[in-house]
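Given next are the chains, with one letter for each unit.
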Amino acid sequence: MSAYAQLLEAAIRDLEERKAAGERFIAIAPETLSALTTSQSVPTPARTQPAESSTPAVRSTSTPRASGSPPRLPAIRSTATPLNAPRPVAAPPALPLLNITAAEKPAAFAALRERALACTKCPQLVTTRKSVVFGTGDPNAQLMFVGEAPGADEDQQGEPFVGRAGQLLTRIIQAANLSREAVYIANILKCRPDTPLGTPGNRPPRPEERAACLPYLLEQIQLIQPRVIVALGGTAVEGLFGQTEFRITRQRGKWMDFHGTPVMPTFHPSYVLRAEEGPDKGRATKRLVWEDMLQVMVRLEMPISEKQRGFFK
Ligand code: URA
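Criteria and thresholds
- Residues numbered from 1 in each chain as written.
- Predicted model: local features only at pLDDT ≥ 70, side-chain atom pairs only at ≥ 80, totals over all residues.
- Heavy atoms only, no water.
- Buried < 20%, exposed > 50% of the residue type's maximum accessible area, 1.4 Å probe, protein only.
- Helix = DSSP H or I, 4+ residues; strand = E, 2+ residues; numbered from the N terminus.
- Pairing = 2+ DSSP bridges.
- Near = heavy atom within 4 Å.
- Polar contact = N/O pair within 3.5 Å; in protein donor to acceptor, adjacent residues only side chain to side chain.
- Areas by Shrake-Rupley, 256 points an atom, 1.4 Å probe, with all protein chains shown as cover.
- Nonpolar A, V, L, I, M, F, W, Y, C, P; charged D, E, K, R; others polar.
- Phe/Tyr/Trp six-rings, centres within 6.5 Å; stacked < 30°, edge-to-face > 60°.
- Lys NZ or Arg CZ within 6 Å of the ring centre and 35° of its normal.
- Salt bridge = Lys/Arg side-chain N within 4 Å of Asp/Glu carboxyl O.
- Contact = heavy atoms within 4.5 Å.
- Axes fitted to C-alpha atoms, helices over the stretch in contact; angles between N-to-C directions.
- Core = buried A, V, L, I, M, F, W, Y, C linked by side-chain atoms within 4.5 Å.

Caption draft 1: Representation of the pairing of strand S2 (residues 143–147) in the model. Of all the 5 residues making up S2, 5 are buried; the element is thus mostly covered by neighbouring parts of the structure. Residues Leu 143, Phe 145 and Gly 147 line one face of S2 and the alternating positions Met 144 and Val 146 line the opposite face, and both faces are buried. Bridge count between S2 and strand S4 (residues 228–232): 4 bridges; the pairing is parallel. Across the sheet, Met 144 pairs through a bridge with Ile 229, a residue of S4. The pairing of S2 with strand S3 (residues 184–187) spans 4 bridges and is classified as parallel. Within S3, the residue paired with Phe 145 across the bridge is Ile 185.

Now the structure itself:
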């Protein structure tokens, strides 16, 4: 078999594995794309665009920012892994290729929402959900929060983080002088994970549910292009990065990279609520979360008052 045929076979195998794992989009470096399309002897692979996406064809995208703020991250980042390269275990899933102008963004966001609201990929969750909890906030937000999955309150109201944990998240956002309307809040799973009939509480999303839902989150991120993402809890980090084990107690507070977007992993607000039952009433845990938020504020070049610096000390 020729070297080319071997490469092609490896690329096809890689694509098939990704598809089987639930990936529906691939990122391709612009130079790879142009090499594939200009070479006479090399047939173009069957799929270079998102297979099930209704997103339009390649153009550059950028959303106007307030003056003085750093420029937007490009929609297609040239750091994309070549298709046939071995993938590091902790590599985040490829971002979808989105090629839209700023003017097209609201319609693309609305179309994505419509697709998510009509999703039936997890038949069990379709029968138990009241709502598909797509996300809330500003689609042009600089700061995005990613949680785990809707609970009962969120399922009822169709909005993420509105229950007790959500109210705590809202207070954290407000402590940073922001509002829920100024940031974007979403989950790695858009439907409430079902629990046996009559059983209270929540369960974490299953790997196959995460994989089925991830493309919606990836497209949300790609459209919003936040400057910083805060991942709330280990499950959110695992869902976002496709990792199987993330130790939030050891790894929170350390910047991660999601295709060029900095990600701050911190404790889930529910964890903080549980810590409130401890002897210090959760003060130490709150301080850690707040220190993570201070890092986020520094990264976003937000003003920080002395009072803010001292919260929960
Ligand atoms: N916990 C989450 O992770 N997400 C929500 O929307 C609510 C609670």
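Caption draft 2: The arrangement of the site of the ligand in detail. Looking at the ligand, the residues that line it are Gly 147, Glu 148, Ala 149, Pro 150, Glu 154, Pro 160, Phe 161, Asn 187 and His 268. Between Glu 148 and the ligand, the recorded distance is 2.7 Å, taken from a backbone N or O atom to an oxygen atom. Here His 268 contributes a side-chain N or O atom positioned 2.8 Å from an oxygen atom of the ligand. Relative to its unbound accessible area of 240 Å², the ligand is 92% covered by the protein chains. By residue class, the composition of the shell around the ligand is 4 nonpolar, 3 polar and 2 charged.

Caption draft 3: Main features of the packing of aromatic side chains. Within the structure shown, the criterion is met by 6 aromatic pairs. Summarising the aromatic geometry, the rings of Phe 109 and Tyr 184 are spaced 5.7 Å apart at their centres and angled 90 degrees between planes, so their arrangement reads as edge-to-face. A residue pair is termed long-range when its members are at least 10 positions apart, and Phe 109 in helix H3 (residues 105–117) and Tyr 184 in strand S3 qualify at 75 residues. The burial state of Phe 109 is the same as that of Tyr 184; both residues are buried. Between Phe 241 and Phe 258, the aromatic rings sit 5.5 Å apart at their centres with planes inclined by 90 degrees, giving edge-to-face as the arrangement. Here Phe 258 lies in strand S5 (residues 256–258) and Phe 241 lies in helix H8 (residues 234–241), a separation of 17 residues in the sequence. The two residues Phe 241 and Phe 258 agree in class, both being buried. Linked through ring pairs, Phe 109, Phe 134 and Tyr 184 together constitute an aromatic cluster. We note Arg 299 situated over the ring of Trp 255; from NZ or CZ to the ring centre the distance is 4.7 Å.

Caption draft 4: Representation of the pattern of salt bridges within the structure. Summed over the entire model, instances satisfying the criterion amount to 12 salt bridges. A salt bridge links Arg 180 to Glu 159; the shortest N-O distance between them is 2.9 Å. Here Arg 180, found in the loop between helix H6 (164–175) and S3, pairs with Glu 159, found in the loop between helix H5 (152–157) and H6; they are 21 residues apart in sequence, far enough to count as distant. With a relative accessible area of 28%, Glu 159 lands in the partly exposed category. Arg 309 is the partner of Glu 306 in a salt bridge, and the nearest nitrogen-oxygen pair spans 3.7 Å. Pair noted here: Glu 306 and Arg 309 are both in helix H12 (residues 306–309), with a separation of 3 residues, about one helical turn. Overall, Glu 306 belongs to the exposed group, its relative accessible area being 64%. Relative accessible area serves as the criterion here: at 38%, Arg 309 is assigned to the partly exposed category. Three or more residues joined by partner-sharing salt bridges are found here, namely Asp 194, Arg 203, Arg 206 and Glu 209.

Caption draft 5: Layout of the sheet that holds S3. Strand order in this open sheet of 6 strands is S1-S3-S2-S4-S6-S5, and the pairing throughout is mixed. Of all strands in the sheet, those with a lone pairing partner are strand S1 (136–137) and S5, marking the two edges. Along the sheet, H8 contacts S2, S4, S5 and strand S6 (261–266); its crossing angle with S5, the most-contacted strand, is approximately 40 degrees.

Caption draft 6: Representation of the nonpolar core in the model. Grouped together as the largest cluster of nonpolar side chains are 67 residues, with contacts concentrated most on Met 144, Phe 145 and Leu 217. Among the elements that make up this core, the one with the highest residue count is helix H7 (residues 207–224) (9 residues). When residues no more than four places from it in sequence are discounted, the contact partners of Leu 217 are Met 144, Val 146, Ala 186, Asn 187, Ile 188, Lys 190 and Leu 240.

Caption draft 7: Molecular detail of H8. A large share of H8 lies buried, amounting to 8 of its 8 residues. Of all the residues in H8, the buried ones are Gly 234, Thr 235, Ala 236, Val 237, Glu 238, Gly 239, Leu 240 and Phe 241. Trailing H8 by a residue or two, Gly 242 shows a phi angle of about 65 degrees, which is positive.

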